[in-house]
Amino acid sequence: MTSPVDFAKKLTFWRKPATTWEKVAGITELPDLPSATRKSIDVTTVEDDFIKRVGGTTKDAGSITINVLDHHDSDVMQDLKADIDLDLPIEYRIKLASGRHWDFWGIVTSVKPASKNDDVIRTAITIEISGKPTESPTAPAP
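Remember, it's a predicted structure, so these values are computed and weren't measured experimentally.

1. Here's the deal with the nonpolar core
Thinking step 1. Judged by nonpolar contacts, the single largest core of 23 residues is most densely connected at Phe-13, Ile-66, Ile-94, Phe-104 and Ile-127.
Thinking step 2. At the level of secondary structure, the elements contributing two or more residues to this core comprise β2 (22–29), β5 (63–69), α2 (75–82), β6 (90–95), β7 (101–114) and β8 (122–136).

Here's what the structure looks like:
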């Protein structure tokens, strides 16, 4: 059985600005994985004793915050930080060592580096997801 610490070491974050995936960094914390929500629509009439709802048609994948170790000499990390200036979404990936992965398009909305005394710089990247994230249980094609 894999411990939570070993599991966390196996999470990696990737970006695909053009045709090739680039590994950004290892993930140190990932509070949420890409998911979806939708609103309900109130269809209650004055004749109803209880509120009635139906599902809305538009789903929202929301945002995701990924915490990574910041390697200042990494060109890919510098490119990721520059993604906050892009107007159009680019493709990102969260990948486990097992091959299971989540791909999604998104816009970087926040880049927050932080560090404690005698610690490395850790950067929290928040991405607003655009469209539907895809999840795959198998290793991605190169």
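Now that the structure has been shown, we can carry on.
2. Describing the packing of aromatic side chains
Thinking step 1. Using the criterion set out here, one finds 2 aromatic pairs in the structure.
Thinking step 2. Measuring from ring centre to ring centre gives 5.7 Å for Phe-13 and Tyr-92, while their planes differ by 10°; the resulting arrangement is stacked. With Phe-13 in strand β1 (residues 12–16) and Tyr-92 in strand β6, this residue pair connects regions lying 79 residues apart in the sequence. Comparing Phe-13 with Tyr-92 shows no difference in burial state: the two are buried.
Thinking step 3. Ring centres 6.1 Å apart and planes at 35° place the aromatic pair Tyr-92 and Phe-104 in the tilted group. Of this pair, Tyr-92 sits in strand β6 while Phe-104 sits in strand β7, placing them 12 residues apart in sequence.
Thinking step 4. An aromatic cluster of at least three residues, connected via ring pairs, comprises Phe-13, Tyr-92 and Phe-104.
Thinking step 5. The side chain of Arg-93 reaches across the aromatic face of Trp-21, ending 4.0 Å from its centre.

3. Points about the pairing of β5
Thinking step 1. Note that β2 and β5 share 2 bridges and pair antiparallel. If you follow Ile-27 over to β5, its bridge partner there is Val-68.
Thinking step 2. In this structure, β5 lies alongside β8, joined through 7 bridges in antiparallel fashion. Paired with Leu-69 across the strands is Arg-122, a residue of β8.

4. Looking at the confidence of the model for the chain
Thinking step 1. Across the chain, the average pLDDT comes to 85, with 91% of residues at or above 70.
Thinking step 2. The least confident element of the chain, judged by mean pLDDT, is helix α1 (residues 4–9) at 50; the most confident is β6 at 93.
Thinking step 3. Confidence over residues 1–6 falls short of pLDDT 50; this stretch has 2 contacts with residues more than four positions distant or in other chains.

The rules behind these values
Residues numbered from 1 in each chain as written. Predicted model: local features only at pLDDT ≥ 70, side-chain atom pairs only at ≥ 80, totals over all residues. Heavy atoms only, no water. Core = buried A, V, L, I, M, F, W, Y, C linked by side-chain atoms within 4.5 Å. Buried < 20%, exposed > 50% of the residue type's maximum accessible area, 1.4 Å probe, protein only. Helix = DSSP H or I, 4+ residues; strand = E, 2+ residues; numbered from the N terminus. Phe/Tyr/Trp six-rings, centres within 6.5 Å; stacked < 30°, edge-to-face > 60°. Lys NZ or Arg CZ within 6 Å of the ring centre and 35° of its normal. Pairing = 2+ DSSP bridges. pLDDT = per-residue confidence, 0-100. Contact = heavy atoms within 4.5 Å.

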